[in-house]
Amino acid sequence: QCLVKKNIDERTAAHLSYVANAERKTLNSIEEAEHIRRMKDYYGFTFDDLELKGYGSPATIKNRLKLLELPEQVKQMVQNGKITSGHALELTRLSTDLEKKKMARRIKDHDLTVNVLKNQITRYLAKDRKKHKERTEVIVPAKEIPGVYFKDCCSMDELPDGSIQLIVSSPPQN
């Protein structure tokens, strides 16, 4: 069934077509995200405008737009129903396309739930951060520097004049 409305602008027509398709549940998450991006980029809607038109909260809209950052292969899996938009949103936490593709295949092959995936990604990212921290090397000067005292927090009262000094520095630059 086709409904024709006259005297409406292109912006309104785009929104009404979305509403009609949403009611028929013919759009998948990626198509919804693409529509939202068009509404923002082409028609100039803000997050607040979209919220008022029923697209969800600004946070929900931003999450939908994150799906468009996924590699094409993963977006196809969402469009074909092989993984859910919840899975896809969790995949956006990964930094590389290769990681996202591998994890998407793992979701499909092992039938992972969103919660299991979330836990796996959290552990993976924590392990990756731990590796990065282990690689960070702190360089402490081998000899004293005049006017600079290296003390731990327990012995701050040992400064010559009894004052407490604070030294702030950035990590060494390579």
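A brief structural summary. Predicted model only: the values in this text are computed from it and were never measured.

**Some thoughts on the overall build of the protein**
- Helices and strands together make up the secondary structure of the protein, namely eight helices and zero strands.
- Of the regular secondary structure in the protein, the N- to C-terminal order runs α-α-α-α-α-α-α-α.
- Looking at the protein as a whole, 25% of its 174 residues qualify as buried.

**As for the pattern of salt bridges**
- Inspection of every chain in the model, using the stated rule, returns three salt bridges.
- Taking the shortest distance from any N to any O, the salt bridge between Lys 75 and Glu 72 comes out at 3.0 Å. Note that Lys 75 and Glu 72 are positioned in helix 5 (residues 72–79) at a spacing of three residues, about one turn of the helix.
- For Lys 75, a relative accessible area of 10% puts it in the buried group.
- Residues Glu 90 and Arg 93 are paired through a salt bridge, measuring 2.7 Å at the closest nitrogen-oxygen approach.
- The exposure class assigned to Arg 93 is partly exposed, which follows from its relative accessible area of 34%.

**Quick notes on the side chain of His 35**
- Among the secondary structure elements, His 35 is positioned in helix 2 (residues 29–41).
- The exposure class of His 35 is buried, given its relative accessible area of 8%.
- Those residues within four positions of His 35 in sequence are excluded, and the remaining contacts are Ala 14, Tyr 18 and Tyr 55.

**A word on the environment of Glu 72**
- We classify Glu 72 as exposed; its relative accessible area is 51%.
- For Glu 72, the side chain forms a polar contact with the side chain of Lys 75, separated by 3.0 Å.

**Regarding the packing of aromatic side chains**
- In this structure the tally under the stated criterion is one aromatic pair.
- Above the plane of the ring of Phe 47 lies Lys 62, whose end atom (NZ or CZ) is 5.0 Å from the centre.

**Considerations on helix 7 (residues 97–110)**
- Taking 1.5 Å of rise per residue, the 14 residues of helix 7 would be expected to cover 20 Å, and the 20 Å separating its terminal C-alpha atoms lies within 8% of that figure.
- Those residues of helix 7 not exposed but buried are Glu 99, Lys 100, Met 103, Ala 104 and Ile 107. Axial view of helix 7: buried residues confined to an arc of 130 degrees, hence all on one face. The exposed set on the far side of helix 7, more than 90 degrees from its buried face, consists of Leu 98 and Asp 109.
- At the C-terminal side of helix 7, Asp 111 shows a positive phi close to 50 degrees.

**So, the packing of helix 2 against helix 4 (residues 58–66)**
- As a packed pair, helix 2 and helix 4 sit with axes 8 Å apart at the nearest point and diverge in direction by 110 degrees. Between helix 2 and helix 4, the angle is such that the two are roughly perpendicular. At the point where helix 2 passes helix 4, the crossing takes the left-handed sense. Together, Glu 32, Ala 33, Ile 36, Arg 37 and Lys 40 of helix 2 and Ile 61, Arg 64 and Leu 65 of helix 4 make up the contact between the two elements.

Rules used throughout
- Residues numbered from 1 in each chain as written.
- Predicted model: local features only at pLDDT ≥ 70, side-chain atom pairs only at ≥ 80, totals over all residues.
- Heavy atoms only, no water.
- Helix = DSSP H or I, 4+ residues; strand = E, 2+ residues; numbered from the N terminus.
- Buried < 20%, exposed > 50% of the residue type's maximum accessible area, 1.4 Å probe, protein only.
- Salt bridge = Lys/Arg side-chain N within 4 Å of Asp/Glu carboxyl O.
- Contact = heavy atoms within 4.5 Å.
- Polar contact = N/O pair within 3.5 Å; in protein donor to acceptor, adjacent residues only side chain to side chain.
- Phe/Tyr/Trp six-rings, centres within 6.5 Å; stacked < 30°, edge-to-face > 60°.
- Lys NZ or Arg CZ within 6 Å of the ring centre and 35° of its normal.
- Expected span 1.5 Å × (residues − 1).
- Arc of directions from axis to C-beta.
- Axes fitted to C-alpha atoms, helices over the stretch in contact; angles between N-to-C directions.
- Parallel < 35°, antiparallel > 145°, perpendicular 65-115°, else oblique.
- Left-handed = near helix turned anticlockwise from the far one by under 90°.

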